[in-house]
Amino acid sequence: MSDKKVQTDSGIEIRKVYTSKDPGYLPVSEMPGEFPFTRGVQSDMYRGKLWTMRQYAGFSTAEESNKRYHYLLSQGVMGLSVAFDLPTQIGYDSDHPLSEGEVGKVGVAIDSIEDMESLFKGIELEKISTSMTINATGFILLAFYVALARRQGADLKKINGTIQNDILKEYAARGTYIFPPKPSMRIITDIFEWCSKEVPKWNTISISGYHIREAGSTAVQEVAFTLSNGKAYVKAALERGLDIDVFGKRLSFFFNAHNNLFEEVAKFRAARKMWAKIMVDLGAKDPKAMMLRFHTQTGGSTLTAQQPLNNISRVTIQALAAVLGGTQSLHTNGYDEALNLPTEEAAAIALRTQQIIAFESGAPDTADPLAGSFYVESLTREIEERATKEIEKIDLLGGSVSAIEQGYIQNEISRSAYEFQREVESGEKIIVGVNKFQTKEADNISHFKIDESIRQTQIEKLKLLKSKRDSAAANKCLAQLQKAATDGSNLMPFVIDAVDHYCTLGEIADTLRKVFGEYK
């Protein structure tokens, strides 16, 4: 039994014991807050300020989601994280035929500035930080948010938050894209350029490994593909003539946390070190532009429908990995999310899990507490080496955009997902309650279901909005947007003008579909 080969989820072989003589072990002379930031981006890490505790929420109508936000804020959440329904994500209003059956299901339906006003009713945007998981239509949702902030009288220089805005991983792993890669990259650089001047505290992109991992990648691939996508965004911004030391500070990342505690901690440390070196190679001089700052969400794909209360333990291990790995922001999943949207009880337990780690575990008391561990340092080095080799392969294919167009990244993720499934089915990999330690279960979990009448409610709201707005002004805004898309102007001022004149999300997306086409 003792000679059995043991590996991490990325296939890194684990030795029985690690010592200072192991290849990859380096005595730690580097300090937290110092280049290359392996040990964290702040010198005192959580002693200065805890990570932002966010809970991802959004369902049904804006009014219903607003109630959940007020509840979460009352329970000690420090920042909101908005989930949008599929029609909103792919640029269709709720009354579009393709929206049928999907309105309000996996997130909140947002068709207009009026929905945005309802979503944040009673919440001052200047006083909270908001993260929005939105990609293809990220620029439209940012426009809604900015227009609403102006209506609240907020100082745009103080508004802070993040739009995910990472379209490359949509082509590679998730599928909620609209336009082809080149116009999509143009929209992203428009956002970088506009925000650097108008909303300088806004994180203009959250380069996301989360969905790459959810689609079946390993931890090593998650780091490699995410940082490679990051390089592509930086290069696109540099080609636009933007200053890397300005926009580089507003890049953020979004990673997954899975159950292999030490591999996950090592992954976060390796990613920080690699990104700092990448940014230096691309010309960054300001240390703040070299820092990899990241949000973490616990692994949705690791949650089981069988014995769902076991998911509380899984989420705890994953959240601890994120904290030990130095995350800036964290969302913990509800134990019931393999069955439905989280109930209020599940969301509260998920938040309490973060609070117990923060205030009872001692994990945040010192920066990078696992530094100098022979095992963790060796794993950090191994992940860095393997992920670097993977990025070099992508560079040889012409970078992320080209590698995605050739199907390379998608194929590598599929291969890893297949291998994982094969190991579960053969019993090589044990999932507690799924392929071992099973019990006969009664379903006594309370389920959270979305009412099908929501689409009709949204359709009525759209009809009313269009009947009372100034149609001539709205049409003029859309015509100006179309012209800007054609002549290469920055789109953001035109989109903000359009949402301010009550143009809908679908109308704005359709206007750009006419110019850019759709990616098939």
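What counts and how
Residues numbered from 1 in each chain as written. Predicted model: local features only at pLDDT ≥ 70, side-chain atom pairs only at ≥ 80, totals over all residues. Heavy atoms only, no water. Helix = DSSP H or I, 4+ residues; strand = E, 2+ residues; numbered from the N terminus. Rg over C-alpha atoms; globule rule 2.2 N^0.38 Å. Buried < 20%, exposed > 50% of the residue type's maximum accessible area, 1.4 Å probe, protein only. Salt bridge = Lys/Arg side-chain N within 4 Å of Asp/Glu carboxyl O. Pairing = 2+ DSSP bridges. Core = buried A, V, L, I, M, F, W, Y, C linked by side-chain atoms within 4.5 Å. Contact = heavy atoms within 4.5 Å.

(A) Representation of the overall build of the protein chain. The helix and strand tally for the protein chain stands at 20 helices and 9 strands. Taken over the C-alpha trace, the protein chain has a radius of gyration of 23 Å; the compact-globule value for 520 residues is 24 Å, and the two agree within 12%. Expressed along its principal axes, the backbone C-alpha trace of the protein chain runs to roughly 75 × 60 × 45 Å. Split into buried and exposed, the 520 residues of the protein chain put 58% on the buried side.

(B) A look at the pattern of salt bridges. Enumeration over the complete set of coordinates arrives at 36 salt bridges. For Asp 368, the salt bridge goes to Arg 269, with nearest N and O atoms at 3.0 Å. Note that Asp 368 is positioned in the loop between α13 (344–360) and α14 (374–396) and Arg 269 in helix α10 (residues 261–281), a separation of 99 residues in sequence. Exposure remark for Asp 368: the relative accessible area of 6% places this residue in the buried category. Among the residues examined, Arg 269 registers a relative accessible area of 1% and is labelled buried. The structure contains a network of salt bridges with shared partners spanning Arg 39, Arg 269, Asp 368 and Glu 377.

(C) Representation of the pairing of strand β8 (residues 294–298) in the model. Counted residue by residue, β8 has 5 buried out of 5 residues, so it is predominantly covered. Here β8 shows two buried faces, one formed by Phe 294, Thr 296 and Thr 298 and the other by His 295 and Gln 297. Bridge count for strand β7 (residues 251–257) against β8 is 5 bridges, and the pairing is parallel. Each bridged residue has a counterpart across the sheet, and for Asn 256 the counterpart in β8 is Gln 297.

(D) Looking closely at the nonpolar core. Met 116, Phe 120, Met 132, Phe 139 and Ile 508 are the most contacted members of the largest nonpolar core, which totals 138 residues. Sort the elements by how many residues they give to this core and helix α4 (residues 138–151) lands first, with 11 residues. Setting aside chain neighbours within four positions, we find Met 116 in contact with Ile 110, Met 132, Leu 141, Phe 144, Tyr 145 and Leu 148.

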